[in-house]
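# Remarks on the overall topology
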Amino acid sequence: MTLKAPELLLPAGSLDKMRAAYDFGADAIYAGQPRYSLRARNNEFRLEQIEIGIREAHARGKKFFVTSNLLPHNDKVRTYMRDIAPVIAMKPDALIMADPGLIMMMREQYPEMPIHLSVQANTVNYAAVKFWQKVGVARIILSRELSLDEIEKIRQECPDMELEVFVHGALCIAYSGRCLLSGYFNRRDPNQGTCTNACRWNYSAQETAVDPNTGEAIAVKMEQGFNFNQAQEEAESSFAACGGGERHPKADQVYLIEEAGRPGQLMPIMEDEHGTYIMNSKDLRAIEHVQRLAEIGVDSLKIEGRTKSLYYVARTAQIYRQAIDDAVAGRPFNPLLITELEGLANRGYTSGFLERRPSQDYQNYETGHSLVGHSHYVGDVLNAADGWAEVEVKNKFSVGDKIQVIHPSGNHVIELKEMQKMDGEPVSVAPGSPLHVRIPLPEQYNGALLARLIPAEAA
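A brief structural summary. (Residues numbered from 1 in each chain as written. Predicted model: local features only at pLDDT ≥ 70, side-chain atom pairs only at ≥ 80, totals over all residues. Heavy atoms only, no water.)

## Brief notes about helix 1 (residues 15–23)
Using the following cut-off: Burial classes follow relative accessibility: with a 1.4 Å probe on protein chains only, a residue under 20% of its type's maximum area counts as buried, one over 50% as exposed, and anything between as partly exposed. Counting from the N terminus, the helices are the DSSP runs of H or I reaching at least four residues and the strands are the DSSP runs of E reaching at least two. The criterion used for residue contact is that any of the two residues' heavy atoms lie within 4.5 Å.
For helix 1, every residue scored as buried is listed here: L15, K17, M18, A20, A21 and Y22. The secondary structure elements touched by the buried residues of helix 1 are strand 1 (7–11), strand 2 (28–32), helix 2 (47–59), strand 3 (63–67) and helix 10 (310–329). Following helix 1 by one or two positions, G25 has its phi on the positive side, about 125°.

Structure representation (structure tokens):
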């Protein structure tokens, strides 16, 4: 059977990241208007950048999707059609949208503009896909909460609808985009593009008692540390009792939590019969499922990360491009691609709901920040001539390090034997940004990214 290559769709928070995505194998990118997408921060795209991006994409035979997927309150509904008009005039390849009202307005005024239904709409069944197809939506970005078998069933029931699936990147701890933690703690609403990732903060919990005078919950000193196994057993017991007519003893228990960066500021959180829900999800990695997704007939494989680095964009594009090409050519999956992804900053990896596994596989109970192992992004090659390259330093590296030169023409590992300041003075360490240094490198690697390889014992 000849497989159709699914589209490889990469995030872009800037024009440079867009160009890197295309250079390293992306077929399309998505970028958002800050006011109307879920990436209001760390997003360099304004109208001018969107226009440049669309023009460059089409000149390269690539696609450019504009993300417009927030769930708007009335004030943004009022301004939306005015603000989207100049974007439509630039002829993006599609708008990524979630709100039914905005989609209705777009279909009425711009029926020729393709609309891709955002993952924010949480589409989890074939009946919903058929509904949106009748509305005139061109593509459905399926919910991250689906298994491979469920995706296959949707494809069988909806053979003529474009389907898109996330294969890599951060996961929400609620249905995608529906988490309310950031709004609860910081008044930064995730559905308005201002999520502060409160789910990844480091919390300590304190049990409470009721103050007899005020009726409010007050902190009670915990006699022992948190016992995960005990908590899991209690949670399972609570869940098993659900619906049986009996309330679990800890149902509706109030806890006070303290975030590491806000000592002394105790915030109430409820626990009901299902448990508590502040969790720190591992990152999604589905590269080992690319062949199955291609066989199912998924049209587009999507990577999350518009706020991630240029290095992240380039490497994920390069690695997933290889996985897609291998699948289409009938080559077996190369497990070294998993090792390559381990080199990117991550919170631990999970295949999410694509495979049904125990809940502990989804959550990272040890740390809320990204860890780096195997390789570390250290610099960008700005230009190379006469055997020397100017490098914009991003992170520390030193003479004697093994450096991976990452380039669209292929990657290459060198041992760094010497380094200079820009005035030619020898130097042994490049401590970090915003330094510029010179290293020996052929001109063919203009525009390359550099990563320091980390020995296994130091990772």
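## Notes on the nonpolar core
Note the following rule: Buried Ala, Val, Leu, Ile, Met, Phe, Trp, Tyr and Cys residues that are joined via side-chain atoms within 4.5 Å together make up what is termed a nonpolar core. The split into domains, and so the bounds of each, comes from an automatic or database assignment of domains.
With 78 residues, the main nonpolar core has F64 and M106 as its most contacted residues. A per-element tally of this core places helix 10 first, with 11 residues. Both domain 1 (7–171 + 282–361) and domain 3 (375–453) contribute no fewer than three residues apiece to this core. Not counting chain neighbours up to four residues away, the residues in contact with F64 comprise M18, Y22, I29, A31, F45, I50, G53, I54, A57, P92, D93 and A94. Among the nonpolar cores identified, the runner-up in size contains 19 residues, and V391, I414, L416 and L450 belong to it.

## Thoughts on the pairing of strand 1
Counted only if it meets this: Strands pair, by our definition, only if DSSP identifies at least two bridges between them.
Most of strand 1 is tucked away: 5 of the 5 residues are buried. Neither face of strand 1 is exposed, since E7, L9 and P11 on one face and L8 and L10 on the opposite face are all buried. When strand 1 meets strand 13 (residues 300–303), the two strands line up parallel, connected through 3 bridges. Residue E7 lies in a different strand from strand 13, and its bridge partner there is S300. The pairing of strand 1 with strand 2 spans 3 bridges and is parallel. Bridge pairing in strand 2 places L10 opposite I29.

## Thoughts on the pattern of salt bridges
Should the charged atoms of two oppositely charged side chains come close, the side chains can pair. Using the following cut-off: The salt bridge criterion pairs a side-chain nitrogen of Lys or Arg with a carboxyl oxygen of Asp or Glu, the two atoms within 4 Å.
Evaluated as defined, the whole model comprises 24 salt bridges. For D83, the salt bridge goes to R82, with nearest N and O atoms at 2.8 Å. Between D149 and R292 there is a salt bridge whose closest N-O contact spans 2.9 Å. Of this pair, D149 sits in helix 6 (residues 148–157) while R292 sits in helix 9 (residues 290–296), and the two are 143 residues apart along the sequence.

## Thoughts on the environment of S309
Just so we agree on the cut-off: We call two N or O atoms a polar contact when they sit within 3.5 Å, provided that within protein one can donate a hydrogen and the other can accept it, with sequence-adjacent residues counted only if both atoms are side-chain atoms.
Counting through the fold element by element, S309 comes out in the loop between strand 13 and helix 10. Judged by its relative accessible area of 30%, S309 is partly exposed. Placed 292 residues apart in sequence, S309 and K17 show a C-alpha to C-alpha distance of 7.8 Å. With residues near it in sequence (within four places) discarded, S309 still touches K17 and Y377. Here the side chain of S309 touches Y312 through a polar contact of 3.0 Å, landing on its backbone nitrogen.

## Some details on helix 4 (residues 100–109)
To keep things clear, this is the line we draw: By definition, the arc is the one covered by directions from the helix axis to the C-beta atoms.
Every buried residue of helix 4 is accounted for by L102, I103 and M106. Projected onto a plane normal to the axis of helix 4, the buried residues spread over an arc of 100° and lie on a single side. Elements in contact with the buried residues of helix 4: helix 3 (74–89), strand 4 (94–97), strand 5 (115–117) and helix 5 (126–135). Of the residues that open helix 4, the one with a side-chain oxygen 3.1 Å from the backbone nitrogen of G101 is D99.

## A closer look at the packing of helix 1 against helix 10
Rules: In this description, a line fitted to the C-alpha atoms serves as the axis of each element, helices being fitted only across the stretch in contact, and the angle between N-to-C directions of two axes falls anywhere from 0 to 180 degrees. Roughly parallel refers to an angle under 35 degrees, roughly antiparallel to one over 145, roughly perpendicular to one between 65 and 115, and oblique to any angle outside these ranges. Crossings are assigned a handedness: left-handed for a near helix turned anticlockwise from the far helix by less than a right angle, right-handed for a clockwise turn.
Where helix 1 contacts helix 10, the two axes come as close as 8 Å, and the packing angle between them is 20°. By the angle between their directions, the pair helix 1 and helix 10 is classed as roughly parallel. Here the hand of the crossing between helix 1 and helix 10 comes out right-handed. Here helix 1 contributes D16, K17, A20 and A21 to the contact with helix 10, which in turn contributes L310, V313, A314 and A317.

## A look at the side chain of S398
Structurally, S398 can be placed in strand 17 (residues 397–398). Not counting residues up to four positions away in its chain, the partners in contact with S398 are L416, M419, S428 and V429.

## Section: the pairing of strand 15 (residues 375–385)
Bridge analysis of strand 15 against strand 23 (residues 449–453) gives 5 bridges, and the strand direction is antiparallel. Bridge assignment links G379 to a residue of strand 23, and that residue is L450. When strand 15 meets strand 16 (residues 388–393), the two strands line up antiparallel, connected through 6 bridges. Within strand 16, the position partnered with V381 by the bridge is V391. Where strand 15 folds back on strand 16, the antiparallel hairpin that results is connected by 2 residues, among which D386 adopts a positive phi of roughly 55°.

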